[in-house]
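Residues per chain, in single letters:
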Amino acid sequence: MQARQFKPLQIGSVSVDRCVEFEGDFFPPARMFPLSTPEAVDAERSWMEPHFIKPKSDGGRLQAGLFAYVIRTGKHVILVDTCVGNDKPRQFTPAWNMKQTTWLSDLAAMGVPAEAVTHVLCTHLHVDHVGWNTRLENGRWAPTFPNARYIFHKTEYEYWESTRDGVGSDGCFDDSVLPVVEAGKADLVKSDYAIDDTMWLEPSPGHTPGHIFINLKNGGQSALFTGDSFHHPVQVAYPEWSSFACTDKEQSAATRQKTVERLCDTDTYMLGAHFAAPTAGRVRRNGGRWKLEV
Ligand SMILES: [Zn+2]
């Protein structure tokens, strides 16, 4: 069976696309999810292969992506999470150090020049979710999207303002978050923030203290952007598996458990920040557990 491509979703009159920075092998499960076992991963292969995990004959690795969601409502052009970015010194993940990709011109080729973006939403302020918030201009970090409001959750912002560095940040607060605030382009918002009655936030703490979900509803259809509460669809089956990068592993597990129960057997699309193509899926009961059906 061939892995499927991502097809832009239509939620009522709103389109949801992806601008991809990377897609391919993910961290090995044992590193990403300390509670995982190879047997438990293998038990879920049937619904994950070949898109979310490669068959064992093809290396067997979990698959993931780095991408921004590109949401066009007719009135607004909204990005959700902005990948790793170019030219940024990163010491913890060598593949992310001084990255050079065509992501920004790829976005323009999708019909979205930087000037057209009206909102940038970050589910949280980890290094792989804020990178394209800024770009290098004459030796300084400048907001990439000159006409956008950048929406950061206040709790999340304050946490990283006081923590500054560490594995999850790797310098990104100073080069990809703070320059946006200093340019006067950021709104530090609470959990009840809404762009309009089509898109609104929801608290989903655990992965990070101010992690947010983003709800999208239009024309009787709905989607939930779940950020890194779920790094990989295998966590739909095992909500108890927090990642090594979760700030509060118990709270993160509780958020996932609540989310799979709420989405189970509904028509709402679940859109993780790193789910490999075809990316969009719906949560379905699967024996005593759950699966993401694409
Ligand atoms: Zn991430």
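Just above, that's the structure.
What counts and how
- Residues numbered from 1 in each chain as written.
- Predicted model: local features only at pLDDT ≥ 70, side-chain atom pairs only at ≥ 80, totals over all residues.
- Heavy atoms only, no water.
- Core = buried A, V, L, I, M, F, W, Y, C linked by side-chain atoms within 4.5 Å.
- Buried < 20%, exposed > 50% of the residue type's maximum accessible area, 1.4 Å probe, protein only.
- Helix = DSSP H or I, 4+ residues; strand = E, 2+ residues; numbered from the N terminus.
- Donors = N, O, S within 2.8 Å, 3.2 Å for Na, K, Ca; no water.
- Tetrahedral: all angles 85-135°; square planar, octahedral: opposite > 155°, others 65-115°.
- Pairing = 2+ DSSP bridges.
- Axes fitted to C-alpha atoms, helices over the stretch in contact; angles between N-to-C directions.
- Contact = heavy atoms within 4.5 Å.
- Disulfide = S-S within 2.5 Å.

## What about the nonpolar core?
- If you look at the biggest cluster of nonpolar residues, it comprises 33 residues, and the most contacted ones within it are Trp103, Leu107, Val117, Leu125, Phe145, Tyr150 and Phe152.
- Of all the secondary structure elements, the ones that give two or more residues to this core are β3 (63-72), β4 (77-80), α4 (103-109), β8 (149-153), α5 (154-163) and α6 (172-182).
- For this core, the leading source of residues is α6, giving 5 residues.
- Grouped together as the second largest cluster of nonpolar side chains are 27 residues, Phe33, Phe213, Trp241 and Leu263 included.

## Digging into the coordination of the zinc ion
- On the protein side, the zinc ion has Asp128 (OD), His129 (NE2), Asp228 (OD) and His274 (NE2) as donor atoms, found 2.0 to 2.1 Å from it.
- Considering all 4 donor atoms around the zinc ion, angles at the metal cover 86 to 164° and the coordination shape is irregular.
- Counting along the primary sequence, the residues that act as donors to the zinc ion give the motif D-H-x98-D-x45-H. Here the residue Asp228 occupies a position in the loop between β12 (221-227) and α7 (234-237), and His274 occupies one in the loop between β13 (269-272) and β14 (282-286), the gap between them amounting to 46 residues. The same class applies to Asp228 and to His274, which are both buried.

## With respect to the sheet that holds β13
- In space, the 4 strands of this open sheet follow the order β10-β11-β12-β13, with mixed pairing throughout. With one partner strand each, in any of the chains shown, β10 (199-203) and β13 form the two edges of the open sheet. On average, each strand axis in the sheet is inclined to that of its neighbour by 25°, with strand direction left out of account.
- Across 5 bridges, strand β11 (residues 212-218) lies against β12 in antiparallel orientation. Note on β12: the bridge partner recorded for Asn215 is Leu224.
- Here helix α8 (residues 249-263) sits on the sheet in contact with β10, β11, β12 and β13, set at roughly 165° to β12.

## Quick look at the sheet that holds strand β2 (residues 14-25)
- The strand order across the open sheet built from 7 strands is β1-β2-β3-β4-β5-β8-β9, with neighbouring strands paired in mixed fashion. Every interior strand has two partners, whereas the edge strands, β1 (9-11) and β9 (186-189), have only one. In this sheet, neighbouring strand axes are inclined to one another by 25° on average, regardless of whether the strands run parallel or antiparallel.
- Sitting on the sheet, α6 is in contact with β8 and β9, with an inclination near 120° to β8.

## Things to note about the state of the cysteines
- Tallied over the entire structure, the rule returns 0 disulfides.
- The structure places no disulfide on Cys19, whose sulfur is separated from the nearest cysteine sulfur, that of Cys83, by 7.0 Å.
- Cys19 gets classed as buried once you look at its relative accessible area, which sits at 1%.
- Cys122 takes part in no disulfide bond, and the closest cysteine sulfur, belonging to Cys172, lies 9.2 Å away.
- Among the residues examined, Cys122 registers a relative accessible area of 2% and is labelled buried.

## As for the pairing of β3
- Of all 10 residues that make up β3, 9 are buried, and the element is covered over most of its length.
- The sheet contact formed by β2 and β3 spans 10 bridges and is antiparallel. Looking across to β3, one finds that Gly24 is bridged to Ala64.
- Relative to β4, β3 runs antiparallel, the two sharing 4 bridges. Bridge pairing in β4 links Ile71 to Ile78.
- Remark: 4 residues form the turn of the hairpin made by β3 and β4, two consecutive strands paired antiparallel; Gly74 in that turn has positive phi of roughly 100°.

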